[in-house]
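This is what each chain is made of:
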Amino acid sequence: MVDGRTNLAKDISQLIRKTYGGNIKVFKTEIPLSVKAAETSAVGKSIYSYDKNGRVADAYRNLTKEVMDNEQRTKHKSEIIR
């Protein structure tokens, strides 16, 4: 989770991408820090049922799409290499 309001969080995100981005997959999607996300644990619901149209739910949807797209690309590359 990233608090996009602070320069420190922005700097750390950039540093992670710069330092590790060449060695591991660092996804573009960042999950925003949110009280709503923290509340989901207290009420025992997923973010999708608690605040389905909120920015955290949107971010998780985007991250899921990114992960799935990456998996498809990785799978396709391995099939080509064989």
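Report on the accompanying structure. Note that the structure is a prediction, hence the values are computed from the model and not measured.

Parameters and conventions
Residues numbered from 1 in each chain as written. Predicted model: local features only at pLDDT ≥ 70, side-chain atom pairs only at ≥ 80, totals over all residues. Heavy atoms only, no water. Helix = DSSP H or I, 4+ residues; strand = E, 2+ residues; numbered from the N terminus. Buried < 20%, exposed > 50% of the residue type's maximum accessible area, 1.4 Å probe, protein only. Core = buried A, V, L, I, M, F, W, Y, C linked by side-chain atoms within 4.5 Å. Contact = heavy atoms within 4.5 Å. Lys, Arg positive; Asp, Glu negative; His and termini not counted. Salt bridge = Lys/Arg side-chain N within 4 Å of Asp/Glu carboxyl O. Patch = residues over 30% accessible without salt bridge, like charges linked within 9 Å, V, L, I, M, F, W, Y side chains within 5 Å. Areas by Shrake-Rupley, 256 points an atom, 1.4 Å probe, with all protein chains shown as cover.

### Some words on the environment of Val26
Logical step 1: Examined against the element boundaries, Val26 turns out to sit in the loop between α1 (7-20) and α2 (35-43).
Logical step 2: For Val26, a relative accessible area of 23% corresponds to the partly exposed category.
Logical step 3: Along the primary structure Val26 and Ser13 are separated by 13 residues, whereas in three dimensions their C-alpha atoms are 9.8 Å apart.

### What to know about the nonpolar core
Logical step 1: Core analysis: the largest hydrophobic core is formed by 6 residues, namely Ile31, Ala37, Ile47, Val56, Ala57 and Ala59.
Logical step 2: The greatest single-element share of this core, amounting to 3 residues, is contributed by helix α4 (residues 55-81).
Logical step 3: Residues in contact with Ile31, not counting those within four places in the same chain, are Met1, Val2, Val56, Ala59, Tyr60 and Leu63.

### Here we look at the side chain of Glu66
Logical step 1: Looking at the secondary structure, you find Glu66 in helix α4.
Logical step 2: For the buried Glu66, no salt bridge is present, and the opposite-charge side chain at shortest range is Lys25, 5.0 Å distant.
Logical step 3: If we ignore the near neighbours within four places in the chain, the residues touching Glu66 are Phe27, Lys28 and Thr29.

### Some thoughts on the pattern of salt bridges
Logical step 1: For the structure on display, the rule yields 4 salt bridges.
Logical step 2: Glu30 serves as the salt-bridge partner of Arg17, at 3.2 Å between the closest nitrogen and oxygen. Taken together, the residues span a long stretch of sequence, with Arg17 in helix α1 and Glu30 in the loop between α1 and α2 at a distance of 13 residues.
Logical step 3: Overall, the relative accessible area of 33% leaves Glu30 in the partly exposed class.

### Structural notes on the environment of Ser41
Logical step 1: Tracing the backbone shows Ser41 in helix α2.
Logical step 2: The exposure class assigned to Ser41 is exposed, which follows from its relative accessible area of 64%.

### Details of a nonpolar patch on the surface
Logical step 1: A cluster of nonpolar side chains, Leu8, Ile12, Ile16, Tyr20 and Ile24, forms an exposed patch at the surface whose accessible area comes to about 490 Å².
Logical step 2: Among the structural elements, Tyr20 can be located in helix α1.

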